[in-house]
Amino acid sequence: MPTIFILGITGYIGGAVAVGFKRTFPDYEFVALVRNEQSIQAVEAIGVKVVQGSHTDLEFISEQASKADIVLNAADADDLDLTKAILAGLKNTTIGKTPILIHTSGTGLAMGAPTGNFDPTTKVLNDNEVADIRNIPDTAYHRNVDLEIFEANTAGYASTYIIAPSTIYGTGDGPVNRISQQIPTLIKAALKHKQAVYVGDGTNQWDNVYIGDLVELYIIVAKLAVSELVPAAKVDSFTKFFWGSVDTHTWGDVARQIGITLKKKGLIETSEAKSVPYSDEFIAVATTSRTIADRSRKNGWTPQGPLLNETIPETVDLVVAN
């Protein structure tokens, strides 16, 4: 039985994708690395075998990767040592064919300066334009990890794919963590300040994607990865990169919607949002990041989820409950 080895299954993305993969690939055995004892039962409950360890157990991770047909890495997009350990395992594969890596990066690759303001010079990066992906600066967030993965594909010992989600919203259905990061960051900041907040004038833009639609993109890429192994065609590494982007928002608009929602729920006294000085906690909501997922759509991705604003009340409830 072929095996899918998952890193990051207790996270928001990894857990949701694992559930989607289980539904789509019933003939695969699923194995996941889990660190915390209290999460093991929840992961096993969805039919996934647990191997206990942390992301610093590099030799153990290499060993597990060497036995897998597909490795799904939805853990830390900036952990170069972890990525090298996975690739070392794939290079020493024991499955008798080329293994597959599906790696989670992010549209932080396209981030500009954290001013909170719209930048008319921002380049919108298209995943179907190879030059856009090839020319991302080496200094960009996540880029050093992604370059290692591109190199592994070019070397030919692994067939590697990278999915880079934008702002993810909505409630996931994974076994442990079911809420995202960026929007909850603004919700928590609003509760802390007793008023919704944004940085600068709030006109900075990001793209977004509903968690259910993102899971479907992972499934499409996984099916593509398996199909491309059949003819064993050598594919340009930079054509195996997919943005997970659908709509566009400004962070000021998101903050204002959070303010309206918190006020309606009686959690703050005003629905007005205000500008606050930049600090590191706002890095992902003070920047601009613009991407177009043409390659994703070209391969059959048809996002159908609710709009970001429609999911804010539920996300507020989850943040408050946690």
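Here the structure is shown first, and the text comes after it.
Residues numbered from 1 in each chain as written. Predicted model: local features only at pLDDT ≥ 70, side-chain atom pairs only at ≥ 80, totals over all residues. Heavy atoms only, no water.

1. Quick look at helix α8 (residues 211-229)
Helix length check: α8, at 19 residues, gives a terminal C-alpha distance of 27 Å against a target of 27 Å (1.5 Å per residue), a fit within 8%. What α8 keeps buried is the set Ile211, Asp213, Leu214, Val215, Leu217, Tyr218, Ile219, Ile220, Val221, Ala222, Leu224 and Ala225. (Helix = DSSP H or I, 4+ residues; strand = E, 2+ residues; numbered from the N terminus. Expected span 1.5 Å × (residues − 1). Buried < 20%, exposed > 50% of the residue type's maximum accessible area, 1.4 Å probe, protein only.)

2. Details of the packing of helix α7 (residues 182-193) against helix α9 (residues 251-264)
Where α7 contacts α9, the axes come no closer than 10 Å and their chain directions differ by 55°. In terms of axis orientation, α7 runs oblique to α9. For the pair α7 and α9, the sense of crossing is right-handed. Mapping the contact onto sequence places Gln182, Ile183, Leu186, Ile187, Ala190 and Leu191 in α7 and Trp251, Val254, Ala255, Ile258 and Leu262 in α9. Grouping the constituent residues of the contact of α7 with α9 by class yields ten nonpolar, one polar and no charged. (Axes fitted to C-alpha atoms, helices over the stretch in contact; angles between N-to-C directions. Parallel < 35°, antiparallel > 145°, perpendicular 65-115°, else oblique. Left-handed = near helix turned anticlockwise from the far one by under 90°. Contact = heavy atoms within 4.5 Å. Nonpolar A, V, L, I, M, F, W, Y, C, P; charged D, E, K, R; others polar.)

3. Some words on the sheet that holds strand β5 (residues 100-104)
Remark on secondary structure: sheet strands pair via backbone hydrogen bonds, oriented parallel or antiparallel. The sheet built from seven strands is open, its strands ordered β3-β2-β1-β4-β5-β7-β11 with parallel pairing. This sheet does not close on itself; its edge strands, each paired only once, are β3 (49-52) and β11 (241-244). Neighbour to neighbour, the strand axes of the sheet diverge by 20° on average, direction disregarded. Where strand β1 (residues 3-7) lies against strand β2 (residues 29-34), five bridges are found, and the strand directions are parallel. Considered in β2, the bridge of isoleucine 4 is made with phenylalanine 30. (Pairing = 2+ DSSP bridges.)

4. What about the side chain of arginine 143?
Along the chain, arginine 143 turns up in helix α6 (residues 143-155). For the buried arginine 143, no salt bridge exists, and the shortest N-O distance to an oppositely charged side chain is 4.4 Å, to aspartate 138. A distance of 3.2 Å separates a polar atom in the side chain of arginine 143 from the backbone oxygen of isoleucine 136. Those residues in contact with arginine 143 that lie beyond four places of it in its chain are Leu109, Ile133, Arg134, Asn135, Ile136, Pro137, Asp138, Phe150 and Phe238. (Lys, Arg positive; Asp, Glu negative; His and termini not counted. Salt bridge = Lys/Arg side-chain N within 4 Å of Asp/Glu carboxyl O. Polar contact = N/O pair within 3.5 Å; in protein donor to acceptor, adjacent residues only side chain to side chain.)

5. Looking at the pattern of salt bridges
One pass over the full model with this rule turns up seven salt bridges. Here glutamate 216 and arginine 23 are joined by a salt bridge, their closest N and O atoms 3.4 Å apart. With glutamate 216 in helix α8 and arginine 23 in helix α1 (residues 12-24), this residue pair connects regions lying 193 residues apart in the sequence. You can call arginine 23 exposed: its relative accessible area is 52%.

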